Amino acid sequence: MWLVVSLLGLTAALFSLLDIWYFLRAFFSVLRARLQPVVKDLLKEHTFSGLVLPHDLDFLLHMNNSRYLREADFARLSCFTRSGLFGAIHGLGAGMVMAACTVRYRRSLRLFEAFEIRTRLLCWDDKAFYVEQRFVAPNDGFVCAVLLSRQHIIGNTPDKVVQSMCKRKVESPEFPDELLHWIDYNDNSSQKLRAESGMSHTKDQ
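Predicted model, so just to flag it, every value in this text is computed and none were measured.

1. Structural notes on the nonpolar core
Core analysis: the largest hydrophobic core is formed by 34 residues, its most contacted members being Leu85, Met96, Leu109, Phe129 and Phe135. Considering every element that reaches this core, the biggest residue donor is helix 3 (residues 65-83), with seven residues. Once residues lying within four places of it in the same chain are set aside, the contact partners of Leu85 are Leu42, Phe80, Met96, Phe129, Val161 and Met165. One finds Ala100, Cys123, Trp182 and Ile183 within the second-largest nonpolar core, a separate group that totals nine residues.

Right under this line is the structure:
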């Protein structure tokens, strides 16, 4: 009896102190991706399916803004696992962190509405990969939200990661105009914040 009570108490403590569902979703997203066929084309669009559940809702009864970022996390985990990007990064003893992210919302996702997250690696520079993710309603193909992110490589460079994957030197695709504007915005914001803090020589990720 006490063992059952202790296990229930431990479970309750874990769910209270940690976001257990996030770690479970992340684990199963990676596991499922490992069981699926490998996607050898690094630039190929990757589709990840989702469904709006009751715990995703906000006061307006549509998917909470923060849930888009969470679902995009799982979609990137799946995409980077299937493409071999994570394997190449870890194989080089490097790491990856989110350095910047912007979401543009276009139409709400409602309770029990299905959606697809279409993840695509756009390009890379000497520090980071740039990724676009679209939340698409399968019933009419409407793009409900668009997310741009900068995935910074720690301890190596994107060029070497791609070369490790492809076994040859591969040039980045051209940067889309809207992405260049977004990078300029982030650079200007960084310069302003460094100037305000008196850390003009400090580099952002």
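2. Thoughts on the layout of surface pockets
Its volume calculated, the second largest pocket comes out at about 220 Å³. Mapped onto the lining of the second largest pocket, the elements with two or more residues apiece are helix 2 (20-35), strand 1 (46-51) and helix 3. Broken down by element, the lining of the second largest pocket gets its largest block of residues, three residues, from helix 3.

3. Looking at the packing of helix 2 against helix 3
Taken N-terminus to C-terminus, the directions of helix 2 and helix 3 make an angle of 30 degrees; their axes are 8 Å apart at the nearest point. As judged from the angle between their axes, helix 2 and helix 3 are roughly parallel. Taken as a pair, helix 2 and helix 3 cross one another with a handedness that is right-handed. Contacts between helix 2 and helix 3 involve Trp21, Tyr22, Arg25, Ala26, Ser29, Val30, Ala33 and Arg34 from the former and Arg70, Glu71, Asp73, Phe74, Leu77, Ser78, Thr81 and Arg82 from the latter. A breakdown of the residues in the contact of helix 2 with helix 3 according to their chemical character gives seven nonpolar, three polar and six charged.

4. Observations concerning the sheet that holds strand 2 (residues 95-105)
As summarised here, the arrangement of the five strands in space is 1-3-4-5-2, forming an open sheet in which the pairing is antiparallel. For this open sheet the edge positions go to strand 1 and strand 2, each flanked by a neighbour on one side alone. Taken over all neighbouring pairs, the strand axes of this sheet differ in orientation by 25 degrees on average, direction set aside. One ladder, built from nine bridges, connects strand 4 (residues 128-136) with strand 5 (residues 143-154); its direction is antiparallel. Looking at the pairing, Gln133 lines up with Leu147 of strand 5.

What counts, and at which threshold
Residues numbered from 1 in each chain as written. Predicted model: local features only at pLDDT ≥ 70, side-chain atom pairs only at ≥ 80, totals over all residues. Heavy atoms only, no water. Core = buried A, V, L, I, M, F, W, Y, C linked by side-chain atoms within 4.5 Å. Buried < 20%, exposed > 50% of the residue type's maximum accessible area, 1.4 Å probe, protein only. Helix = DSSP H or I, 4+ residues; strand = E, 2+ residues; numbered from the N terminus. Contact = heavy atoms within 4.5 Å. 1 Å grid on protein atoms, 1.4 Å probe; cavity = no way out; pocket = protein on both sides within 12 Å on 5 of 7 lines; lining within 4 Å. Points joined across faces, edges and corners; volume = space filled by probe spheres on them. Axes fitted to C-alpha atoms, helices over the stretch in contact; angles between N-to-C directions. Parallel < 35°, antiparallel > 145°, perpendicular 65-115°, else oblique. Left-handed = near helix turned anticlockwise from the far one by under 90°. Nonpolar A, V, L, I, M, F, W, Y, C, P; charged D, E, K, R; others polar. Pairing = 2+ DSSP bridges.

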